[in-house]
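These are the residues of each chain, in order.
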Amino acid sequence: MTHRPERNDGWDLDQLHRDEIIVAMNWVIRTCQDIIRECSHKTFWTPTGTSTGTAPTTDHLIQSARTDVLNKLRHQLDGAETIISIAEHERAKRKH
């Protein structure tokens, strides 16, 4: 989260929130792009360690899904959601 100066008028705080949300969402998009680049073939997911022509086990698929895609996305989504929640809380506090 960006350091906030002690005094912000409403516009400065709104601009700060917009900037933080945009940066967070850009990181979500970059993470998606990285996952596509690293873990897919022609936009279809290719589990890590899968040999061509072999069927991975269910356990392997579960583990690969978590490590290749879900954990990476969850980390970025949780961070973006936290930034948005803080912005909502600060905006609500300012309105009262």
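Residues numbered from 1 in each chain as written. Predicted model: local features only at pLDDT ≥ 70, side-chain atom pairs only at ≥ 80, totals over all residues. Heavy atoms only, no water.

Trainee: Residues and numbers for the confidence of the model for the chain, please.
Mentor: The predicted model of the chain averages 88 in pLDDT, with 85% of residues at 70 or higher. Looking over the chain, one finds the lowest element-wise mean pLDDT in strand β1 (residues 40-41), namely 88, and the highest in helix α2 (residues 58-95), namely 95. (pLDDT = per-residue confidence, 0-100. Helix = DSSP H or I, 4+ residues; strand = E, 2+ residues; numbered from the N terminus.)

Trainee: Describe in detail the environment of Gln 15, supporting the description with residues and values.
Mentor: By secondary structure assignment, the location of Gln 15 is in helix α1 (residues 10-39). Given the relative accessible area of 23%, Gln 15 is considered partly exposed. A distance of 2.7 Å separates polar atoms of two side chains, one belonging to Gln 15 and the other to Arg 18. (Buried < 20%, exposed > 50% of the residue type's maximum accessible area, 1.4 Å probe, protein only. Polar contact = N/O pair within 3.5 Å; in protein donor to acceptor, adjacent residues only side chain to side chain.)

Trainee: Account for unusual backbone geometry, with residues named and values stated.
Mentor: Unusually for a residue other than glycine, Lys 42 sits at a positive phi of about 55 degrees. Turning to its location among the elements, Lys 42 is positioned in the loop between β1 and β2 (44-45). The exposure class assigned to Lys 42 is exposed, which follows from its relative accessible area of 66%. Even without being glycine, Thr 43 reaches a positive phi, approximately 65 degrees. With respect to the helices, strands and loops of the structure, Thr 43 is situated in the loop between β1 and β2. Look at Thr 43 and you get exposed, because its relative accessible area is 67%.

Trainee: Run through the pattern of salt bridges, naming residues and quoting values.
Mentor: In total, this model carries four salt bridges according to the counting rule given. Taking the shortest distance from any N to any O, the salt bridge between Arg 91 and Asp 14 comes out at 2.8 Å. Pair noted here: Arg 91 is in helix α2 and Asp 14 is in helix α1, with a separation of 77 residues, a long-range link. Owing to a relative accessible area of 33%, Arg 91 belongs among the partly exposed residues under this scheme. When the shortest N-O distance is used, the salt bridge between Lys 72 and Glu 38 registers 3.4 Å. In this pair, Lys 72 sits in helix α2 while Glu 38 sits in helix α1, placing the two residues 34 residues apart along the sequence. You can call Lys 72 partly exposed: its relative accessible area is 31%. By sharing partners, the salt bridges in this structure join Asp 14, Arg 91 and Arg 94 into a single network. (Salt bridge = Lys/Arg side-chain N within 4 Å of Asp/Glu carboxyl O.)

Trainee: Can you explain the packing of aromatic side chains? Please cite residues and give values.
Mentor: The full count for this structure, using the stated rule, is zero aromatic pairs. For the cation-ring pair, Arg 30 lies above Trp 27, with the distance from its terminal atom to the ring centre recorded as 5.0 Å. (Phe/Tyr/Trp six-rings, centres within 6.5 Å; stacked < 30°, edge-to-face > 60°. Lys NZ or Arg CZ within 6 Å of the ring centre and 35° of its normal.)

Trainee: Before we move on, can you summarise α2 with the specific residues and values?
Mentor: Counted at 1.5 Å a residue, the expected span for α2 with its 38 residues is 56 Å, and the 51 Å between its end C-alpha atoms agrees. Bending of α2 peaks at approximately 45 degrees at the position of Arg 66. Three or more residues of α2 are buried, namely Ser 64, Ala 65, Asp 68, Val 69, Gln 76, Ala 80, Ile 83, Ala 87 and Glu 90. (Expected span 1.5 Å × (residues − 1). Bend = angle between axes of the 7 residues up to and from the residue.)

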